[in-house]
Amino acid sequence: MVYQNARNQAVASTDFAKLAHTILQQRFLRACVYQAPLAYTAAIVANLNFRNGIFSLFYALVSPRTLGYTVAAYIAGIVCLAIHLQLFQVTRAAHSSHFPKLQRLLRSPASTGAVVGSFTLLAYFMLIVHRGMFGGSSMWLYPEGVYGPPQLNPGWLASWVFVTTVGVSYGLKLFMDERLQLAFPAIEQSRIYTIKDRLPSCFSTAFEFVSSTMWRFWLGYFFFGWGMYQSVCGVLGRIFTTSSYGVGSPLFSISNLAFWLHCSFSMALTWELAHQLFGIIITEPTRINELSLDRNFCLLNGLKYNESPLIQHWAYQELYRLTAFSAEQRTEILTDIDRKSGTMWSQISSECLKVVQTATEQLKKQTALSKPEKPNVSSQSSADAKLPVSAGGAPIKDILMQNRRKSQGSEPQPVKKPEPIATSDLFGVEAQGLEKYVLTTLRDMLLQSPLGQRILLRSQRARSISTFANFQLQVWAIRSLMRLVESSLSEDKYGVVQGDIAKVLETLFVYLAELERCSKQTDSMSSKNDYNVQTANRQTVAMIQVLRNALYEFTTTFYDYLEALKLPPAQAQQLQKFADFMA
């Protein structure tokens, strides 16, 4: 209902950030509403009893225990949503070491400790609720005065240690696996269908997490559980008389193992549903610009807003949506020329080009440490050297593939694998505080052995991560920009785009050349196995494909008008490869 009749109820404000903050608050409240049915789903799963067959499902739907567990799961889900709202990330946190998971944990010790502590408390809360509804081991084996002094139940202690392990592990997993980072969807679909599609992955992720945590806890408690039990009994013995004589091991009790598995799976499923719900609600496409009377200028303000990565991503997501699916708004942008600061096309294209140019400069700086490769002139095709070029610089008939002969040039020589480069400061200037101290100490320890020195060699993959910190933003900027260029062929009434086509192509060609050079310099590259290149430097390969697809779409759209563009000779020769479908 937020966007219903948006144009009729539009406001005069063009502050994209202010409107976006309002939308963010509304979406969080909407996520809290959707959390209720998801909590009910988790409660039904927790109350299923397969010993009663299909009737257990009908009983679980209306059981009072299900309703009580729904309330507890809803409270836990709301806390998870609040944690994600405070700590979510849009851009990737750059790291430069071979220990990225450790570096993510140490980047913000306060946030890591707060999240781990919050999920540990949630685990305690869910354990208390679970024990109250489904029973479990009591704290004492028998009452005082019946068979002697009270004795602490090893199963009770093991249960609390286990849920502590679950809470701590899940909190650490959020940081180590970058699960607090939002992933914007590739396609737009309704919220209900998206949640439905995520349910199987929620169950599988929860079960995988519980199973891995279970066997790690079992091994750890097998070796250190008896000492922990004696220590707790010793502390209790300071307060009142108790016995520390152990009776069996809870690790070999089927009932204890079943209780831990049931309880931990219910916890993990509740947290995982909240985690997926937050990502779905927050990353949905917005229509914030439609809430403003001057929607073009409002959208432009969002593209320029650098204080919040989420708001800027929303703006570029809107730009991509309207350039791809809204011919009316595309035409409105291309015909909006009565501005003091320039045409709307020039301002929007300038912001998109800034994103690409910034990424290009970062890539140049990061590859500067690598040994530059000399171009292999003999491997160039003779067709590139003999392209017919007109006075204006555009390829003549050859770009229309008339009477063209395919050149039989020599095969390109395989590129030699460059040696990895070690740096004096392995962890880079981005590491500060505790993170800098711990990682630097670890580096000094590894430098004492030849194997450690080999580990500390800094790879191209580690250096290039900051270039693609805003990978999705770059994709939207490139596709939106090229979509406007392609649409200008029929929708640009005043010809404001034609004068900037050469500048746009030049920026994209420079970025593409840097990406290809970076891909060739990947230390794990093998000339016989392209799969190794893609797995070692997948962001580079993916961005290369985005640029090539955009340039191919431009070439096919302007195929009959390429001569009239009168591009510079360098761009004309590069564009010739796309016209021949050989890029």
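What comes next is a walk through the structure.

Right, let's get into the packing of aromatic side chains. Taken as a whole and assessed by the stated rule, the structure comprises 23 aromatic pairs. Centre to centre, the rings of F184 and W476 are 5.2 Å apart; their planes meet at 80 degrees, and the pair counts as edge-to-face. Note that F184 is positioned in the loop between α6 (154–176) and α7 (191–237) and W476 in helix α17 (residues 471–491), a separation of 292 residues in sequence. Across this residue pair, the class does not change: F184 and W476 are buried. Ring geometry for Y552 against F581: centres 5.6 Å apart, planes inclined by 5 degrees, an arrangement best described as stacked. Here Y552, found in helix α20 (residues 538–557), pairs with F581, found in the segment after α22 (569–579); they are 29 residues apart in sequence, far enough to count as distant. Judged by its relative accessible area of 17%, Y552 is buried. When its relative accessible area of 54% is taken as the criterion, F581 is described as exposed. Here a set of aromatic residues connected by ring pairs shows up, and it is made of F119, Y170, F209 and W271.

We now examine α6. If you check α6, its first and last C-alpha atoms are 32 Å apart, about what 23 residues at 1.5 Å a residue would give, namely 33 Å. The N-capping residue of α6, defined by a side-chain oxygen 3.0 Å from the backbone nitrogen of G155, is N153. Following α6 by one or two positions, E178 adopts a phi angle in the positive range, close to 55 degrees.

Take unusual backbone geometry next. Phi at E178 takes a positive value of approximately 55 degrees, unusual for a residue other than glycine. Mapped onto the fold, E178 is located in the loop between α6 and α7. Phi is positive for K566, close to 50 degrees, though the residue is something other than glycine. With respect to the helices and strands, K566 occurs in the loop between α21 (562–565) and α22.

With that settled, the discussion passes to empty space enclosed by the protein. Taken as a whole and judged by the stated rule, the model has two cavities of 30 Å³ or more. Around the second largest cavity, the lining residues are L38, I195, R198, L199, C202, L273, Q276, L277 and I280. Residue assignment for the lining of the second largest cavity shows that the elements contributing at least two residues are α7 and α8 (254–282). Of the residues that constitute the lining of the second largest cavity, the class distribution is seven nonpolar, one polar and one charged.

This next bit is on the packing of helix α1 (residues 16–46) against helix α3 (residues 64–87). Two elements in contact, α1 and α3, have axes whose closest approach is 7 Å; the angle formed by their N-to-C orientations is 140 degrees. As α1 packs across α3, the resulting crossing turns out to be right-handed. Within the contact between the two elements, α1 uses L24, F28, A31, C32, Q35, A36, A39, Y40, A43, I44 and A46 and α3 uses T66, Y69, T70, A73, Y74, G77, I78, L81, A82 and L85. In terms of residue class, the contact of α1 with α3 is built from 17 nonpolar, four polar and no charged.

Next up on the list: a nonpolar patch on the surface. On the surface, a nonpolar cluster with roughly 620 Å² of combined accessible area is contributed by I54, F55, L57, F58, L61 and V62. Checked against the element boundaries, F58 lands in helix α2 (residues 55–62).

What follows deals with the pattern of salt bridges. Applying the stated criterion across every chain, the model contains 14 salt bridges. Where E486 meets R483, a salt bridge forms, and the shortest distance between an N and an O atom there is 3.6 Å. Here the residue E486 and the residue R483 both occupy positions in helix α17, the gap between them amounting to three residues, near one helical turn. R548 is paired through a salt bridge with E516; the nearest N and O atoms lie 3.0 Å apart. Residue R548 is found in helix α20, and its partner E516 is found in helix α18 (residues 501–520); the two are separated by 32 residues along the sequence. Note on R548: relative accessible area 23%, which makes it partly exposed. The exposure class assigned to E516 is partly exposed, which follows from its relative accessible area of 28%. What emerges from the salt-bridge pattern is a single network uniting D294, D336 and R339.

The rules we used
Residues numbered from 1 in each chain as written. Predicted model: local features only at pLDDT ≥ 70, side-chain atom pairs only at ≥ 80, totals over all residues. Heavy atoms only, no water. Phe/Tyr/Trp six-rings, centres within 6.5 Å; stacked < 30°, edge-to-face > 60°. Helix = DSSP H or I, 4+ residues; strand = E, 2+ residues; numbered from the N terminus. Buried < 20%, exposed > 50% of the residue type's maximum accessible area, 1.4 Å probe, protein only. Expected span 1.5 Å × (residues − 1). Polar contact = N/O pair within 3.5 Å; in protein donor to acceptor, adjacent residues only side chain to side chain. 1 Å grid on protein atoms, 1.4 Å probe; cavity = no way out; pocket = protein on both sides within 12 Å on 5 of 7 lines; lining within 4 Å. Points joined across faces, edges and corners; volume = space filled by probe spheres on them. Nonpolar A, V, L, I, M, F, W, Y, C, P; charged D, E, K, R; others polar. Axes fitted to C-alpha atoms, helices over the stretch in contact; angles between N-to-C directions. Left-handed = near helix turned anticlockwise from the far one by under 90°. Contact = heavy atoms within 4.5 Å. Patch = residues over 30% accessible without salt bridge, like charges linked within 9 Å, V, L, I, M, F, W, Y side chains within 5 Å. Areas by Shrake-Rupley, 256 points an atom, 1.4 Å probe, with all protein chains shown as cover. Salt bridge = Lys/Arg side-chain N within 4 Å of Asp/Glu carboxyl O.

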